[in-house]
Amino acid sequence: MPHLEHTGDTARLQFENHRFFNDLLGRQDEHLHAIEKVIGVKLSASGSSLIITGDEAQRELAARVASQLYGLIQNSYPVYPSDVDYAIRILSRDHSANLKDIFLDTVYISSHRRTITPKSIAQKAYIDAIRKFDIVFGIGPAGTGKTYLGMAMAVAELMKHKVSRVVLTRPAVEAGEKLGFLPGDLAEKINPYLRPLYDALHDMVDFDKASKLMERGTIEVAPLAFMRGRTLNDSFVILDEAQNTTPEQMKMFLTRLGYGSKAVITGDVTQIDLPTGTRSGLKEAQQILRGIDGINFSYFSEKDVVRHRLVQDIITAYERAQEEQERAAEEKREFRRLQRQARYDDRHFRQSSRGEADRPTPLDTDGATASPTTTSGTQPRVSDGPRDSHPKSSV
């Protein structure tokens, strides 16, 4: 491991192998520039040493990132600029994380000879869950590698002959647009909806080989509606865009699984394109299936995004805006509830007041109307009969 020395607000990180150290610096020191920009330190190379200037916390983080990236290079892992960014994210969130446990967990080597590995702690947990459980739900925002890693695991299992077939499917739902009637036969009509799955597949398997596998039915890409009535034995099945399934479709898909099969279901519950009022099968599955042995739910956040750095900021901004909208809607609902309660209380008070005024005069024990009470608290004397308006003279 590199040797670290602190002197005031400067740290010196000494490396042993000059060639590995040059790989750590990157082309024209691009890796160093990335660390400087994100962490906020000043870096300079001197021989096989790295000089780090900044406050203590920043120096320690930069040293930890550089040391662990150097360890990856020692293990023949090719470090790209994006890997530097992922390393900073991981070690910023978890100081005890070991990049070797994550980056060196090879899932598959693509047709372009690029090694596919997890790039975050959540992705590593997701891969481990797919290995362990028969049904895994990957839920999180776009760009977190849910579908891509799932497909890499499926192709790897196929190449190792652990499954005999890979089935890739997704619901044919328009993303908020009315495309109208698409030209062509059935295959041409549904192909635009399945294009993302083809793209990911061809990124892992060269075109000719993928075409032959699909011709033999070893790899099948089909819309979700074609799954009804089938039993998928000895298969690795992936359902993409699961947030756009209805509860009935989700139940139909999950019950297709046969012996020796695995299923990976991926989706983003913040991007539902179903008609208004239609429940999402993915959301309902989270509630119904939680706690069942053999089923795992893996969650991702914007911090696991492995696309352009701006994508992470965009997702965070949208989530913040959605939270504010939900908070405003909740405040409006509470205000309306208080208004209804106030109107109800006012109406109830008026009805009670009218009830007092219209209350019938009580009767005495003899059934006669009770006489009102005078202000002095005594009742007027009741005469024996009607008073004579013209009394007789005493003469």
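Above this note sits the structure.
What you see is a predicted model; the values in this text were computed from it and never measured. (Residues numbered from 1 in each chain as written. Predicted model: local features only at pLDDT ≥ 70, side-chain atom pairs only at ≥ 80, totals over all residues. Heavy atoms only, no water.)

Colleague: I'd love a proper account of the layout of surface pockets, names of residues and values included.
Modeller: Size it by volume and the largest pocket reaches roughly 970 Å³. Lining the largest pocket are 41 residues, and of these G145, Y148, L149, V306 and R307 lie nearest its centre. Elements that contribute at least two residues to the lining of the largest pocket include exactly α4 (81-93), β6 (115-116), α7 (146-159), α8 (186-204) and β11 (262-267). Each residue belonging to the lining of the largest pocket can be placed in one class, and the counts come to 14 nonpolar, 15 polar and twelve charged. (1 Å grid on protein atoms, 1.4 Å probe; cavity = no way out; pocket = protein on both sides within 12 Å on 5 of 7 lines; lining within 4 Å. Points joined across faces, edges and corners; volume = space filled by probe spheres on them. Helix = DSSP H or I, 4+ residues; strand = E, 2+ residues; numbered from the N terminus. Nonpolar A, V, L, I, M, F, W, Y, C, P; charged D, E, K, R; others polar.)

Colleague: Can you explain the sheet that holds strand β2 (residues 10-14)? Please cite residues and give values.
Modeller: What links the strands of a sheet is backbone hydrogen bonding, and the strands pair in either a parallel or an antiparallel sense. The strand order across the open sheet built from four strands is β1-β2-β4-β3, with neighbouring strands paired in antiparallel fashion. Sheet topology places β1 (3-7) and β3 (42-46) at the edges, where each strand pairs with a single neighbour. On average, adjacent strands in this sheet sit at an angle of 20° to one another, irrespective of strand direction. Sheet topology places β1 next to β2; five bridges connect them, and they run antiparallel. (Pairing = 2+ DSSP bridges. Axes fitted to C-alpha atoms, helices over the stretch in contact; angles between N-to-C directions.)

Colleague: Run through empty space enclosed by the protein, naming residues and quoting values.
Modeller: Remark: the empty space left among the atoms is shown by a probe the size of a water molecule rolled over them. According to the stated counting rule, one finds one cavity of 30 Å³ or more in the structure shown. If you add up the space inside the largest cavity, you get close to 30 Å³. Per-class residue counts for the lining of the largest cavity are four nonpolar, one polar and four charged.

Colleague: How would you explain the packing of aromatic side chains if you had to name every residue and give the values?
Modeller: Counted under the stated rule, the structure contains six aromatic pairs. Pairing F15 with Y70 gives two aromatic rings, centres 4.7 Å apart and planes at 50°, and the pair type is tilted. Taken together, the positions of F15 in the loop between β2 and α1 (18-25) and Y70 in helix α3 (residues 56-74) put the pair 55 residues apart, joining distant regions of the chain. Here the aromatic rings of F20 and Y70 are separated by 6.3 Å at their centres, their planes lie at 75°, and the arrangement is edge-to-face. Linking F20 in helix α1 with Y70 in helix α3, this pair joins segments that are 50 residues apart in sequence. (Phe/Tyr/Trp six-rings, centres within 6.5 Å; stacked < 30°, edge-to-face > 60°.)

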